[in-house]
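Here's the letter readout for the chains.
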There are 6 protein chains.
Amino acid sequence: MNTFIGCEKTYNEAETVLFGVPFDGTTSFRPGTRFAMQAIRNDSFGLESYSPYLDKDLEDAAIFDGGDLDLPFGNTSKVLDQIFDYCQEVLKDGKKFLMVGGEHLVSLPTIKAAYEKYPDLHLIHIDAHTDLREDYLGEKLSHASVIRRCHEFLGDGRIFQFGIRSGLKEEFEWAKEHTYMERFSLDTLKEKIAELQDVPVYITIDLDVLDPGVFPGTGTPEPGGITYRELLEAINQFQSLKQIVAADVVELSPPYDPSGASTAMACKTIRELLLTLDK
Amino acid sequence: MNTFIGCEKTYNEAETVLFGVPFDGTTSFRPGTRFAMQAIRNDSFGLESYSPYLDKDLEDAAIFDGGDLDLPFGNTSKVLDQIFDYCQEVLKDGKKFLMVGGEHLVSLPTIKAAYEKYPDLHLIHIDAHTDLREDYLGEKLSHASVIRRCHEFLGDGRIFQFGIRSGLKEEFEWAKEHTYMERFSLDTLKEKIAELQDVPVYITIDLDVLDPGVFPGTGTPEPGGITYRELLEAINQFQSLKQIVAADVVELSPPYDPSGASTAMACKTIRELLLTLDK
Amino acid sequence: MNTFIGCEKTYNEAETVLFGVPFDGTTSFRPGTRFAMQAIRNDSFGLESYSPYLDKDLEDAAIFDGGDLDLPFGNTSKVLDQIFDYCQEVLKDGKKFLMVGGEHLVSLPTIKAAYEKYPDLHLIHIDAHTDLREDYLGEKLSHASVIRRCHEFLGDGRIFQFGIRSGLKEEFEWAKEHTYMERFSLDTLKEKIAELQDVPVYITIDLDVLDPGVFPGTGTPEPGGITYRELLEAINQFQSLKQIVAADVVELSPPYDPSGASTAMACKTIRELLLTLDK
Amino acid sequence: MNTFIGCEKTYNEAETVLFGVPFDGTTSFRPGTRFAMQAIRNDSFGLESYSPYLDKDLEDAAIFDGGDLDLPFGNTSKVLDQIFDYCQEVLKDGKKFLMVGGEHLVSLPTIKAAYEKYPDLHLIHIDAHTDLREDYLGEKLSHASVIRRCHEFLGDGRIFQFGIRSGLKEEFEWAKEHTYMERFSLDTLKEKIAELQDVPVYITIDLDVLDPGVFPGTGTPEPGGITYRELLEAINQFQSLKQIVAADVVELSPPYDPSGASTAMACKTIRELLLTLDK
Amino acid sequence: MNTFIGCEKTYNEAETVLFGVPFDGTTSFRPGTRFAMQAIRNDSFGLESYSPYLDKDLEDAAIFDGGDLDLPFGNTSKVLDQIFDYCQEVLKDGKKFLMVGGEHLVSLPTIKAAYEKYPDLHLIHIDAHTDLREDYLGEKLSHASVIRRCHEFLGDGRIFQFGIRSGLKEEFEWAKEHTYMERFSLDTLKEKIAELQDVPVYITIDLDVLDPGVFPGTGTPEPGGITYRELLEAINQFQSLKQIVAADVVELSPPYDPSGASTAMACKTIRELLLTLDK
Amino acid sequence: MNTFIGCEKTYNEAETVLFGVPFDGTTSFRPGTRFAMQAIRNDSFGLESYSPYLDKDLEDAAIFDGGDLDLPFGNTSKVLDQIFDYCQEVLKDGKKFLMVGGEHLVSLPTIKAAYEKYPDLHLIHIDAHTDLREDYLGEKLSHASVIRRCHEFLGDGRIFQFGIRSGLKEEFEWAKEHTYMERFSLDTLKEKIAELQDVPVYITIDLDVLDPGVFPGTGTPEPGGITYRELLEAINQFQSLKQIVAADVVELSPPYDPSGASTAMACKTIRELLLTLDK
C-alpha cells in the first residue's frame, strides 16, 4: 500500500521500475540521504498523479514501485554490487528504471549496469559538483569521484555535464579534455538534447544543482544554483529523447528539509521523469 | 495593543476591517494554518508600516484589526455560518474587509457575503491549485472544492484564475468551459485587471501560489511556482482596480516556516493589500 | 586549525585579515547574529577553496583568519571602541580586512577606522534597509542608524546604497539629498562601480538584501529581495574596483537557518570577497 | 511490509488487531496527533520485538496490523461512526483490539463498541486531564468530554481514573460522585487492578499523563506528570487482569517531538500492551 | 485580550501585578529569554485557570497583567533603571508583583525596589548557578553576578540559595561566609521556610534549576538538576510564608524549547505563584 | 584555541589524552554521532571547569585535547585500525585516554588497545543495549556486536554490564553465561566497583543508557532508562577505582538534540570522567 503515488502496477505489468537506495555511507559532511525515499513516498500523497505540464497521469502509466534495497551498512563495495545486480535484473527483463538515492556514489553501479546493456550509452549529468576527483581522502569509491569512475568505462565524448559550479581546479581542467561541461547553468541543454535524441541516454540528476536557497534539503549546499522552474523546464525537454534507458535522482537529504519543500520538489521531479520514461 | 502593525483605528473609525479565521478543519495533509494570524500579528512588528512601493503608510489609513473569530472545532458548517455572519455585518456597515485564513475553505462564506451585497461580483483567484473538485473524499465543503462552490453562485465568466499548476485532469477540463484560467504564471493578470477595472472585485490569494522553495510555510507545497517579487508586482497592479470590495490571504502554515520568512511574506502581502484597499 | 577554509597564513604573511565580531546587542527583533562566524567557519569546509567564477584559490592567497574578537556583553560603546582599535591596528600594518558580523552596528567602527586612514573613502552599501534613522527608540548607536552615523563623517556624495526596500518615509526623503540610493535592485551597481574604480572603497554587505525566501537566516527578513545569483554577479563585478580597502558581511543569523543554506551563502560570499580583496 | 514491528500475521490468524485512527479534528490548541501512527510504524523498527520485561516476543504473538482507518476530514460524527463500525466488526470476529489515536475523542466509539459486547465493562483511564466536561465551547463531542460521554452508558462505579492533574473545578467535584479518581499519581493502580482482575476491562492511555519534560510530543503538555518508568511499571501490572478486552493509546503528536523520543515511548508502550493483550 | 490566562482585572482592582521584562542583553552564551513572556502568554491558554493543587482559581484572584516593559536595547543601565521605577510604583500603590524575565540580571532592580520598601527583606533564591561573581569579563552588571550585587544591599544572613550546582570555586567559598547555600537539591527548603514564615520574603526562581533533560528551554543548561515535580512541591510549600512581597521567574528561553514543554512548565509555575501571592 | 574547556595542556605535559572519533558508518537507524565531538567542544564553554561534586578543576588537571581523528568514510576496517594505532601510541607513552564517539563500534579498537597493554583488563559497560549480537545483518563489525567482539579477547568474567534493557532474547540468554548483567538499573554498580577496585578497568558509557525523555540526543532512543542524576552519581563512584586505564563516552547524536540539553549532559559527563581519570 505504501508506494509512490500512482505507481501500483505489479513488476510483471510494469515497463518502468522505481526503486530506492537508502545509502549515504561515504558522505563526508552531513549524512541523511538514506532517509530520502521514505520521505518521498510519504509526501508523494501531497502531489497529484496528473501532470498538467505533460498532460499525462501516473495512474495510466506502467510503473512498479519496487521499494528500497536492503543494504548492509559499513561495507561500501558489497552495497555497490547489490545495486548493480538489481539493475541488471531489471534491464534483462526488458524494463527501464528510475533509481532514487541516497548519495551520488550509488549511481555508479546503476550507470554501469545500463552501460553493459547499452554499450553506446551517453550520460546527461546535472549537478552542482564536477564529481571528477581521482579519489577523495584516498578512497576511489566516493560521491566526489562518481563521474570520474563512470568515465573509466564510458570514455571521452559520452558525458554531458550541466549546472556545474564547484570542484577542484584540477577537475575543471580535466573536464576540458574529457567531458562536455556547461558551467553555472543549463542553457545549452536543449541543444545537446537535440544531438543525443537518437542514442541511448542515462540521466543522472543530483538535486544539489538547485540553488540551496530554494532547495535546502541536501547535505552539500552550493549557492548560485538554478531555480526549480529551470529544472522543471529541463526535464520537460527530455521528452524529445527517443531512447532514455534509465535515470536517477539523488542527494535529497530530509534532515535538512524541515518544511518538506525540498521533498516536494524531489517528488515532482520523479513524477515528471516517470511520465517521461513511460512512453 | 496586540494588533497588526499600524492598524489601530476603532471599528467605527475604520473603512477596512482586518480579521483572522484560525480554521484548518478540512485540511487533509498537514494542518497548521490555524496558527497563521497569531504569527502574522507577532511578526508584523519586524515590518515597517510605510510602503516604499505605494508611498503610503498604514498609520495614515483607516484600518481596524478585529482580532480572530472564536470558532467551534469539529463542526465545519457552523464555522462557515459564523464567518458569513461576521462579513455580512461588516459589509452592511459600509466597510471593506481583508480576511486572513486559515485554510482556503474559509473563503467560501466571505466571498458569498460579498456576492450577496454585490451581485455583479468578479473573483480574482491566485493559487497553485484549481480548487474545482466536485467533492473531496465525499465532502462537498473542502479546501479542494472552494472555487467550485463559489461558481455555484457566481456562475460562468466571473472567475479569473492565475498561477494554477495542480489538479485533477477533470478540473482542468472543467475550467476550460467555466472559468478563465492561466496556468503556471501571472502573465495575463495585468490585461485582465484592465478588463475588470470598473466592476466589483474580490481578490483571494492562496499563498501556495508561491514556489515552496521561497515560501515553504504551507501545508500543500507545489513546486514550480512564482517568486515573491512576481506576487508583489501583481499586488501593486491591483491599484488600478476601482472597486475592490474585499480580499483574503490564506494557507500560511507557521509550523512549516521555522525561520519566519514565509510569515514575513504574508505580512508584507497583507500590508500592501490593506494599503490598496484603503483608497 | 579551526579557521575559515584555506585561510591559514600567519598574521605577518597575510595581506588580508579575516575576523569575526560576535555582537548582536542592539538587535531589537530576533537576536542570533553573534553565532554567525562560528557557523561560517564550521560550514566553510563544505565549500571548495577554489572559485571557478574568479579562477582563483584561497590556498594561493595571503589571508590570515584572526578569529573572533572577545567582547564584553551589555556595554555597546566599549564594544565599538574595541572593534575600532583592532581595525586601526590592522590598517596601520598595511593590511586590508574583511569583517564578519554580528549585527550591522558593528560596521560603524570598521568604516570609521578605514575612513581615518583613507579620508577620501567611498562606501558601497548593499542592504534591504535604509539604516538612516536619526535614532532608534532614543538610541543613536543602533543597527537601524549605522549608515546615518557613517554619513556624519563621510558626508554627502560618498554613500552608494543598493537593494533598499524598507525604512521610514523620512529616511527615504533624507536619502534623496544625502546619498545615492537605488531602491529594490542592484541594476545600477555596475555603472557606479565604473565611477568609483579609482577611489578608495569600503564595501558593506548586509545579507538581508537577499530575499528571505532564499536566505531565511537573518533576524530581519524583508521580502522582495534579490536572488543569490544576483548578489554573486554583483560581487564578481567588484573585481574592477582598484582600491577596495576593506569590506564586511553582516547579519547572518544561524538560529533562523535550520538547513544551513544561508550559512553556505555567507561562506561563498566571503570566499569571493576574500579572493577579490587579494589582488 | 510497512507494519508495526513484528505484527505480521493476517487478520484471520490474529487474536489481536492493531489499528490507527489519524483524527485530530476537535483539537483546539495544537493539532498533530493525526500523524502519530505513521511515525510509530516507521520508528518501531528502532525497537526490538522482544520484551525483557515480559520475556515475550511480538514475533510469537498473533497480531495483525490493520493499517489506518481512512477518514473524512471535517465531519466529526461520520468519523466516530466509522470507527465504531470497525471495532464492532473486530469484536464480532472474536478478536481484541489495540487502537492508536489520534486525539482522545476517538476512544468514545471504541469504548462504546467494547461496552456493547461486554455490558459489564470497566474502564481504566490514565491521563493528565479529567476529560469530564459536559461540553467544550458548546460541542458535546470533544476530546475534553470523552470520559463524560462514556459515563453516559457505563454509569457510576465503572470508571477508574489515574494521574489526573488538570480540569475545571466542576469536573473534580463531579468526579467525586461518579468515578474513582486518583489525582497526580498512579499509586493506587495496583490495588484497583486487584479489584478488577475478573471483570472485562478496557484500558485507555492518554500519553499526556507523562510529564511533558520527558514526553514533549503532545498537543496538551501538562507539567507535573509521571515518568516513563512509572508508566512502564503500571503497564506491566496489567498482566494480572484476566479479561482485558481492548485498549488504546492516544495523543502522541509527532510535530512536537523533534527528537523522536516521545514516539519511541509510544512504540514501547504499544509493544508492552500488545504482549499483554496476547495471552 | 492577550493576557496571561485568567489575569483580567484592571490595575486598580488588582492586588498583584504580573509583568514581563524582555531583556537578555548580557547573556553571553545563547540569547532568547527576551521571547519568554510572549510565549508564556500565548501558551497559557493550554492551561486551566484552576489549580487542583491549591484548590484556587485565577479567575477568582485579583491580578492585573501589565504587559511587557518597553526597553531600549544595548544600554543595560538604562534598562535596569526603568525596571526599578516600574516596581517602585507598583509597591507604592500597595500591590505585590510577579516579574517574568528575561535573563537573571533583571532581578536586580526588582529585588532592590522590594528591599527599599521592606528593609528587612529576605531572599529565597532557587537556581542551578551561584550567580555570585564579583564581575563577569569585567562587567559588574551581569546575569552571573546578580546575587552578589543583591548582597551588597541585603547583607549577610538574608540570602537563602537552593539547588546550586555550578559556579567558580571562589563563589562556593564566598558563599560559605555570606549566604545559606544548599547544593544540588531543595531538601532543606521546607525547614528554611519555617524559619522565614514571619519576615518579608522575595522569591527568585531561575528555571534552570530544573534538569535540562526535563527543561531544555534555557540558554544555560546545567545537567543534574531537579524534576518539575520537585519544583512544584517547593512552590506549594510557599503557602506557609506569611509575607511574600514579590517574586520572579526568569531564564525561560523559547528558542531552545521546540516542543513548548518548558514554556508549559513556566506557565504552571507562574499560575501557582500567582495563586500563592494572592492571599 | 578550540578545545574542550580547560584542556589546554600540551601532549607532553598531559597525563590524560582526550580525543574524538567522528564515525557513524555502521549506524543503521539514524546517523549523526559523527557530529558529537564538535558540538561537545563548542558547548563545553557553557560549563564551568570546576566540579563542585569532586571539588576539582580541569584547569588544574594534566589533560591534552588531541582533536578528532581524520577518518576515511565508507571503509570500516581501515577506520578501526587507525583508532587502534592512535590509542596504542598514547598508552605506550604512559598516558590514559578518554575517547568520545561516534557510534559504539569505535570502542572495539580502544578497548582492544587497552587490553593489549593490560591483559588483566576488566570492562564496565553502561548501556541500554546488550550489544552482544554475533552479527548484525551479516556484518560482524557492527555497533550491535561490539561487546560480543570484546568478549572474544577479554573472555568470561571480565565484562560487567549495567542499565541493559534491550536486545534479542538470545543475547540475554548468552549473557547469563558469559557476562555480569544488571538489567534496567545501576543498582549493583557500587558493589561491583568495590570488587574491581584493584584491577585495571576500562569504562565504556553509551549515553543511551539515559532515558530518552531526558536525553533525546541519540540515534537509538530506548525508553525506560535512568535519569541524569543516577548517571552522575555512578560516575562519582568511580573515584574508588584505583586503576582506570581508559574510558569512553559514545552515541551522542546532536541532530536529535535541538535544545542542546543532551550535549550539555555529555559535556558534564566528560568533565567528571576527566577529573576522575586525573588522579
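Conventions and cut-offs
- Residues numbered from 1 in each chain as written.
- Chains lettered and ligands numbered in written order.
- Predicted model: local features only at pLDDT ≥ 70, side-chain atom pairs only at ≥ 80, totals over all residues.
- Heavy atoms only, no water.
- Contact = heavy atoms within 4.5 Å.
- Buried area = accessible area lost by both parts, 1.4 Å probe.
- Salt bridge = Lys/Arg side-chain N within 4 Å of Asp/Glu carboxyl O.
- Polar contact = N/O pair within 3.5 Å; in protein donor to acceptor, adjacent residues only side chain to side chain.
- Buried < 20%, exposed > 50% of the residue type's maximum accessible area, 1.4 Å probe, protein only.
- Helix = DSSP H or I, 4+ residues; strand = E, 2+ residues; numbered from the N terminus.
- Pairing = 2+ DSSP bridges.
- Axes fitted to C-alpha atoms, helices over the stretch in contact; angles between N-to-C directions.
- Nonpolar A, V, L, I, M, F, W, Y, C, P; charged D, E, K, R; others polar.
- Least-squares fit on C-alpha atoms with pLDDT ≥ 70 in both.

Trainee: Any chance you could explain the arrangement of the chains here in plain terms?
Mentor: Contact between chain A and chain E is absent, and the minimum C-alpha spacing across the pair is 13 Å. At the level of C-alpha atoms, the two units chain B and chain F stay apart, their nearest approach being 13 Å.

Trainee: It is not clear to me how the interface of chain A and chain C should be interpreted in this structure. Could you clarify?
Mentor: One frequently used descriptor of interface size is the decrease in accessible area upon assembly of the parts. Listed per partner, the contact involves 25 residues of chain A and 21 residues of chain C. Summed over both sides, the interface between chain A and chain C buries roughly 1900 Å², with carbon and sulfur atoms accounting for 57% of that surface. Area buried by chain A at its contact with chain C is led by A:Phe29, A:Lys169 and A:Pro223, which between them contribute 26% of it. The tally of links from chain A across to chain C stands at three salt bridges. Across the pair C:Glu48 and A:Arg133 runs a salt bridge, and its minimum N-O distance is 2.5 Å. Seen at the junction of chain A and chain C, the total is eight residue pairs in polar contact (both at pLDDT 80 or more).

Trainee: Looking at this structure, how should I read the pairing of strand β5 (residues 96-100) of chain B?
Mentor: Two faces, one strand: in a regular strand the side chains alternate between the faces of the sheet. Residues and elements named next belong to chain B. Counting buried positions along β5 yields four of five residues, so the element is predominantly enclosed. Note: strand β1 (residues 16-20) against β5, five bridges, orientation parallel. Across the sheet, the residue bridging to Thr16 is Lys96, located in β5. For β5 and strand β10 (residues 244-250), the ladder comprises four bridges, and the chain directions are parallel.

Trainee: Teacher, can you tell me more about the sheet that holds strand β10 (residues 244-250) of chain F here?
Mentor: Backbone hydrogen bonds hold the strands of a sheet together, and the pairing may be parallel or antiparallel. All names here are of chain F. Across the sheet, which stays open at both edges, the eight strands sit in the order β4-β1-β5-β10-β9-β6-β7-β8 with parallel pairing between neighbours. Taken across any chain shown, the strands that pair with only one partner, and hence form the sheet edges, are β4 (63-68) and β8 (180-183). Across the sheet, the axes of successive neighbouring strands diverge by a mean angle of 10°, strand direction being ignored. Helix α4 (residues 146-154) rests against β6 (122-126) and β7 (159-164) of the sheet, and its axis sits at about 160° to β7.

Trainee: Looking at this structure, I do not really get the interface of chain D and chain B. What am I missing?
Mentor: Each partner contributes to the interface: chain D provides 20 residues, whereas chain B provides 20 residues. Together, the buried faces of chain D and chain B total about 1500 Å²; carbon and sulfur atoms form 49% of this surface. Split into classes, the residues belonging to the side of chain D that touches chain B amount to eight nonpolar, seven polar and five charged.

Trainee: Just to check I follow, could you spell out the relation of the copies chain A and chain C for this structure?
Mentor: For these two chains of identical sequence, chain A goes onto chain C by a turn of 120° and a shift of 0.0 Å along the axis, with RMSD 0.0 Å. Here the two chains are linked by the operation of a three-fold rotation axis. No C-alpha of chain A approaches the rotation axis more nearly than that of A:Val214, which lies at 3.2 Å. Different-surface contact between copies: only 12% of interface residues of chain A are shared with the interface of chain C.

Trainee: How should the relation of the copies chain D and chain B be read in this particular structure?
Mentor: Put simply, the two copies of the chain differ by a rotation about an axis and a shift along that axis. Superposing chain D onto chain B takes a rotation of 180° plus a shift of 0.0 Å along the axis, which leaves an RMSD of 0.0 Å. What we have between these two chains is a two-fold relation. Most of the interface of chain D is mirrored in chain B, where 100% of its interface residues are also at the interface.

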